[in-house]
Amino acid sequence: MTSSSPEAGARAARGTSVEADLGWALGVVFRRYAKTAAEALADVPGGPRGYQVLATSVSEGPKRQLDLAAQLDVDRTVMTYLLDDLEKAGLVQRQADPSDRRARLIVPTEQGRETLCDLERRLSASEDAVMGSLDDGERMIFRMLLQRIAVQADQIDPLHNACDLADEALDT
């Protein structure tokens, strides 16, 4: 709710204002999060997609370039350019796959691991900026409820790539 007056709160509770509309609330929160997250990831080659590649390579270990592209639902050609940029920035390396000389494994560098830690701190600060009006207990409850709703919604209409959703929202 954007207004802090008791009258506005009462109207919202009765459903007589825009603040009572679920779509409006979700849109405002998502737009705010998307903007703060984009700022947090602004200096990463590829923005959110570059972050996904780096986070996946750190958390799941070396993956073949094509497997990583398929997992993240990134076009092979786009992945090549994205990896070129991440490699130039010193965040990942392409290494020969010992089981298939034609394939390349994507391996994070030490600089990439350090950068990921910094990016995760920045994203955490973004979340704090968005959820600043909630105390720790409320944040935990909000996350739990939102995750439950998201899991159910994703079962009905699966989202294969969160970056596509973020790109759509930022384009509008």
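In this report, the structure presented in the accompanying data block is examined.

Here is what the cut-offs are and how they apply
- Residues numbered from 1 in each chain as written.
- Predicted model: local features only at pLDDT ≥ 70, side-chain atom pairs only at ≥ 80, totals over all residues.
- Heavy atoms only, no water.
- Helix = DSSP H or I, 4+ residues; strand = E, 2+ residues; numbered from the N terminus.
- Core = buried A, V, L, I, M, F, W, Y, C linked by side-chain atoms within 4.5 Å.
- Buried < 20%, exposed > 50% of the residue type's maximum accessible area, 1.4 Å probe, protein only.
- Contact = heavy atoms within 4.5 Å.
- Pairing = 2+ DSSP bridges.
- Axes fitted to C-alpha atoms, helices over the stretch in contact; angles between N-to-C directions.

**Here's the deal with the environment of Y81**
(1) Moving on: Within the secondary structure, Y81 is located in helix α5 (residues 76-88).
(2) Moving on: Distance from Y81 to P45, taken between C-alpha atoms, is 10.0 Å for residues 36 residues apart in sequence.

**Focus on unusual backbone geometry**
For residues besides glycine, phi is generally negative; the peptide bonds are generally trans as well.
(1) Moving on: Non-glycine residue D73 carries a positive phi angle of around 55°.
(2) Moving on: Structurally, D73 is set in the loop between α4 (65-71) and α5.

**Looking at the nonpolar core**
Side chains that are nonpolar tend, in soluble globular proteins, to be buried together.
(1) Moving on: If you look at the biggest cluster of nonpolar residues, it comprises 22 residues, and the most contacted ones within it are Y51, V53, M79, L83 and L86.
(2) Moving on: Sorting the residues of this core by element identifies α2 (22-40), α3 (47-60), α4, α5 and α6 (110-130) as the ones contributing at least two each.
(3) Moving on: When neighbours within four sequence positions are excluded, V53 is seen to be in contact with L68, L72, M79, L82, L83 and L86.

**Concerning the sheet that holds strand β2 (residues 92-97)**
(1) Moving on: Pairing within the open sheet is antiparallel, and its three strands lie in the order β1-β3-β2. Unpaired on one side and paired on the other, β1 (63-64) and β2 mark the two borders of the sheet.
(2) Moving on: Relative to strand β3 (residues 100-108), β2 runs antiparallel, the two sharing six bridges. Opposite D97, over in β3, you have D100 as the bridge partner.
(3) Moving on: Sitting on the sheet, α3 is in contact with β1, β2 and β3, with an inclination near 100° to β3.

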